[in-house]
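# Geometric and topological summary
The primary structure of each chain is shown beneath.
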Amino acid sequence: MSLTGLVAAVLADDGTAHWPARVPARLETVLASMPLPARAGVRAAARGLDAYARARTGRGLAALTGPERESVLAGLVARPALLPLLDVLKVPLLLAAGTERMLEDGLPARGPARTDPPLDCVSAHAWPARSTADAVVIGSGAGGATAARTLARAGLAVVVLEEGQHHSTESFGRRPPLERFAELYRDGGATVAVGRVPLLLPVGRAVGGTTVVNSGTCYRTPDHVLARWSTDFGFGLAEGFARHLDEAERTLRVATQPLDVLGANGKIALAGADRLGWQAAPLRRNAPGCRGSCQCVVGCPTGAKQSVQLSVLPDACAAGARIVTGARVERVLIDADRPGGPRAAGARVHREDGGFEILAPLVVIAAGALGSPPLLRRSSLGRHPRLGRNLSVHPATSVAGRFAEPVTAWEGVLQSVGVEEHHDEGVLIEATATPPGMGSFVLPGLGGELRRELEGADRLATLGAMIADLPGGRVLGRDRTLLRYDLHRRDAGRLLRAVRAMGELLFAAGAEEVLTGIPATPRVRSMTDLDEVLAATSARQLHLSAYHPTGTVAAGADPQRFPADGAGRLRGVHGVLVADASVLPGCPEVNPQLSIMAAALAITEAHLER
Amino acid sequence: MSTRPVPGASGTTPARGTVFREAMLGTLRLDEEDRTRPIRLDLTVSADRVMRPTGTTDARATGRIRIAGWADDPDAHGELEISPLARRRIRYRIAFTADGRRVTLDGWKSVTPRSPVASMTVLPYTLYEDGAPIGTGTLRFPLTTQLVPFLASFRFPRRENPGALLAPRWQGERGRTEVWYTTLTDPATGSGLWLHHELTAPADGSEPYAHGWAAVFPKDGPVRHARFGPAPWTATEAGFRADGITVEPGRLTGEADGGTLRWKLTERPMAEPLFTFPRWSWRRPLLPAAQMLPAARALYDGTFTHDDTTLTLTAAPGASARIYGHGNARRWAWLHADLGGGDVLEIVAAVSMRPGLRRLPPLVFLRLRRGGRTWPRRSERAAVGWAGAGRFRAAIGLPTWTVTGRTGLRRIRVEVTQPADRILALDYTDPDGAHAICRNTERADAHVLLERWWFGGWRTEREWTLDGTAHAEVGTR
């Protein structure tokens, strides 16, 4: 059915602007990239809304006038139980609306893009049906790229299998953010973890993995985390992480973000922290020469962000590694009858003509914390009872502050400033702004109210906070990833404290009001109000998203608890290394790209030294 | 009865192997071309063990590969990894020459229960030159035309180690004789060679002794021979060793007549063992004697010096044979004929010394190894027929003796001529002291006619004529 009525009602399309008329078509393309349940859900909601309008007025939404639509929506908003559902419906709609509105204003002028260093990429369709290699690396993200480079430099013939496609910096600069969004994310960005509190968990899918779409923030693994990994879990390689973190930082050219292009959003965070006396600073990022395009999450259009496809994979290809794109691995091939136990023999990749196979004595699993457990299950390697469990994510929520002066948060660095005042309590606040509609912050209201928020979005500054969680998730599924995540009571408290801290920061920076993201009480104008609201709020009412899934094929000493041994080798089979976020035995408590790269370096080097 | 382990049936070597033939058709696209070429692969696959469907069997493959307009290599060879269930893979790696380039075909069938037939018959592959891929393609096993020949080609031949069959059989019994003898033809000069090594354990219980002789049959000159021994017998695991003369797997060395005859030869077995007498009679010595060839064909390299002449042998065809028993027959004829192309004819026709048996006509043990298969299937068939009816017959005489016989739809006639001027007559002594005379030549002529019955008449199937390259002897008392 047509989404026109839904869009017209929610965005209060009164015909005064051109862009809302184009939103339904854009929404259709957004939905097309999403998994079936999400698609069906949005369409069902649209039908429900239409049916409600018919019941109230005898006509569908599309046939109503503006004021009639407002009155229909007002009837819905009066029911508090419906608010969270309506907010979910707003997410894809705002994504489409934000894009069309930005296109209306004209795409920002772009400077000349840098030329990407060369990669040896081959499409899966052009790859021979039968081939051999010394090592197959499944996944080309932070872990896979690092593993491929280490192995290729050691002289091994390496083939990297990547489900996504290769996107060049030039192609990022050419197209609007939303078109890239649908291609660069698994499930169109709508990966959802079900549980007591549903979480949106976006994961990248491209040559370069999630590093193509992350914010570029590079934290070294904190020492206390490394100590816990090595002493409590027996992940012995963590002891030598310092050297590998240095190497990863060198490769990614990590440096503190200069203030020149930081953007107003970050400066507000710095100012607020300064007034409160909190510890805050521009983040260390892997984007030398960043021009503040604020499009990290859909691929850097200037080539400044050193995602692994610009930094690590070119080195790997120079050493002889080859990348096969569009290659979804069906299963790892296992020789079950080898003397000494089963041994990995290569990988089988899906293709319409029956697939292709690569034989290799070493298989490196780097399909990400959400992809690796289903892959191992498909390969009959999923027998360990803890495989897929121990999923840590960084549950996150965001808060916006309205300022008197325009902030234009989307001009500047996307994730610019880290506020570490509460990091000891497991809360890390990062000033994060996104292109319109792409952030995890959902503007409040429906109809005219939402439209006014959209029009005034340039005066909003947004902060995000992620918390160090207790591993409460599971990756289920064999052919498709299914996520279950139950937020621990302790972590729910942390989230509410994080909202309070962000509100405090925004008020200190001079915000007129703070948008809480809580559907029932979306706006507060003082800390007292905020405390009152939070006292009556549970974490379930927050808009939660989650980032940085880790730990689903954890490495550790205890064979009962950890599917991989202390050197990152999968238990129960020879010749399989796990070198991605899933191998990290516990929550890294910071943005994990450096930790993943260091782990992949340590694991592959340990393998080569054997 | 001997209780020693049967050669070739020890724990380390599987008793039987697997041999089958497979033909596949398909296409090849070379990277440098924009068209596909038809390709055909015919393979003979042999494994050292009976194929295990649930495990992994490594096998060798030889055969012919034809690629339209690019390659026709009858000497393609490589290896197979046959593991349809354990590894779900049947991998082919075949090296061949195409257009002067050394190329390797590497591919595997990927077996899946979802499409068992397609996955067992489709072989995608990649071609490599110096490790770099140069083309890809797919071979298919054509079920309609090839399934029956494929299934019918399966054989599970015994695996025998030619070296193990050289080990001495004698274990101290009285009245036994054991022989290692080698005959060969030098293709360069046409000369024949005969090396005879014998262990005799006299029936009276006196000390066993080793002795023998070497003989050369030059094409244009008199036969020259020299005896060695008798020398005390010293047991050895490998074969025969006495008086500085050795027979061991792959090697024959020695000298006789004060060094005027010297030989130093290497032996390359080129075929499976050939049991001229029934196999059971070699394993359990129930017959008066039995003869067999550890390898039906062998090639010899090295030197043989007699007087001032040195023969330098390069891939000289011949065979080594073994005899173990109570002594020589009353009357016998023997032929070893290398028919070329890997085919071999071996005949022993003999009359026993045993009372009663000596009244019988000669028992003919005839083995024709053709295309890797031996006819008649059982040597008893030729020797005794159906209680005597239909047995093969021999007319032993000199200079010409003949053997004729028929089984199934085939019949054979062999005529051997040993001209008097090429003969070496030697005196044999049995363990019981009896004497026999053997008239031997390694430059005999032979004519072999193999016919097949076909709707009302006999048609010639093959005919071989050997001119001075057959090895034969006739023994009398």
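Predicted model, so just to flag it, every value in this text is computed and none were measured.

### Considerations on the overall build of chain B
Each helix and strand in chain B was counted, giving four helices and 30 strands. Taken against the 2.2 N^0.38 rule, which gives 23 Å for 477 residues, the C-alpha radius of gyration of chain B at 25 Å falls within 12% of a compact globule. Oriented by its inertia axes, the alpha-carbon framework of chain B measures out at about 80 × 55 × 45 Å. Within chain B, the fraction of its 477 residues that count as buried is 52%. Intrachain contacts of chain B at a sequence separation of at least 6 include 56% that bridge at least 24 residues. Of the roughly 21300 Å² of accessible surface on chain B, a fraction of 53% belongs to carbon and sulfur atoms. The positive charge centre, built from 66 side chains, and the negative charge centre, built from 51, are 10 Å apart in chain B.

### So, a positive patch on the surface
Residues and elements named next belong to chain A. A surface patch of like charges, here positive, comprises R386, R389, R474 and R561. Mapped onto the elements of the fold, R474 is located in strand β19 (residues 473-476). The exposure class of R474 is partly exposed, given its relative accessible area of 33%.

### Thoughts on the interface of chain B and chain A
Counting from both sides, the interface comprises 19 residues of chain B and, opposite them, 16 residues of chain A. Buried surface at the junction of chain B and chain A, summed over both partners, amounts to about 1200 Å²; 47% is from carbon and sulfur atoms. Looking at the side of chain B facing chain A, the largest losses of area belong to R87(B), R89(B) and W108(B), adding up to 44% of the total buried there. The interface formed by chain B and chain A includes three salt bridges. Where D335(A) meets R87(B), a salt bridge forms, and the shortest distance between an N and an O atom there is 3.7 Å.

### Quick notes on unusual backbone geometry
P230(B) follows G229(B) through a cis peptide bond whose omega is 0°. Within the fold, P230(B) resides in strand β12 (residues 224-232). Omega for the bond connecting W375(B) with P376(B) falls within 30 degrees of zero, at -10°, which places this linkage in the cis form. Among the structural elements, P376(B) can be located in the loop between β24 (373-375) and α4 (379-384). Unlike most non-glycine residues, S380(A) shows phi in positive territory, near 60°.

### So, a nonpolar patch on the surface
Residue and element names in this part refer to chain B. A cluster of nonpolar side chains, namely V117, L143, L147, V148 and L151, defines an oily patch on the protein surface of about 440 Å² accessible area. Tallying contributions element by element places helix α2 (residues 143-152) first for the nonpolar patch, with four residues. Tracing the backbone shows V117 in helix α1 (residues 116-121).

### Observations concerning helix α3 (residues 36-57) of chain A
All names here are of chain A. Taking 1.5 Å as the rise per residue, α3 with 22 residues should run 32 Å; its terminal C-alpha atoms sit 31 Å apart, in good agreement. On its buried side, α3 packs onto α1 (4-10), α2 (19-32), α4 (66-77) and α5 (83-105). At the exit of α3 stands G58, carrying a positive phi of roughly 85°.

### Comments concerning the domain arrangement of chain A
Residues and elements named next belong to chain A. Domain boundaries assigned for chain A yield domain 1 (1-106), domain 2 (121-193 + 204-216 + 219-251 + 301-386 + 552-609) and domain 3 (254-285 + 395-467 + 488-543). Summarising the inter-unit geometry, the C-alpha centres of domain 1 and domain 2 are found 39 Å apart. Contacts between the two partners involve 11 residues from domain 1 and, on the opposite side, nine residues from domain 2. For the pair domain 1 and domain 2, the two sides together bury roughly 740 Å², of which 76% comes from carbon and sulfur. Counting across the interface, domain 1 meets domain 2 through one salt bridge. One salt bridge in this structure joins R26 and E179, with 3.9 Å as the shortest N-O distance. Connecting domain 1 to domain 2 are zero residue pairs in polar contact (both at pLDDT 80 or more). Secondary structure elements with two or more residues in the side of domain 1 that touches domain 2: α2 and α5. The element that contributes the greatest number of residues to the side of domain 1 that touches domain 2 is α5, accounting for five residues.

Definitions and cut-offs
Residues numbered from 1 in each chain as written. Chains lettered and ligands numbered in written order. Predicted model: local features only at pLDDT ≥ 70, side-chain atom pairs only at ≥ 80, totals over all residues. Heavy atoms only, no water. Helix = DSSP H or I, 4+ residues; strand = E, 2+ residues; numbered from the N terminus. Rg over C-alpha atoms; globule rule 2.2 N^0.38 Å. Buried < 20%, exposed > 50% of the residue type's maximum accessible area, 1.4 Å probe, protein only. Contact = heavy atoms within 4.5 Å. Areas by Shrake-Rupley, 256 points an atom, 1.4 Å probe, with all protein chains shown as cover. Lys, Arg positive; Asp, Glu negative; His and termini not counted. Charge placed at Lys NZ, Arg CZ, Asp CG, Glu CD. Patch = residues over 30% accessible without salt bridge, like charges linked within 9 Å, V, L, I, M, F, W, Y side chains within 5 Å. Salt bridge = Lys/Arg side-chain N within 4 Å of Asp/Glu carboxyl O. Buried area = accessible area lost by both parts, 1.4 Å probe. Expected span 1.5 Å × (residues − 1). Domains from an automatic or database assignment. Polar contact = N/O pair within 3.5 Å; in protein donor to acceptor, adjacent residues only side chain to side chain.

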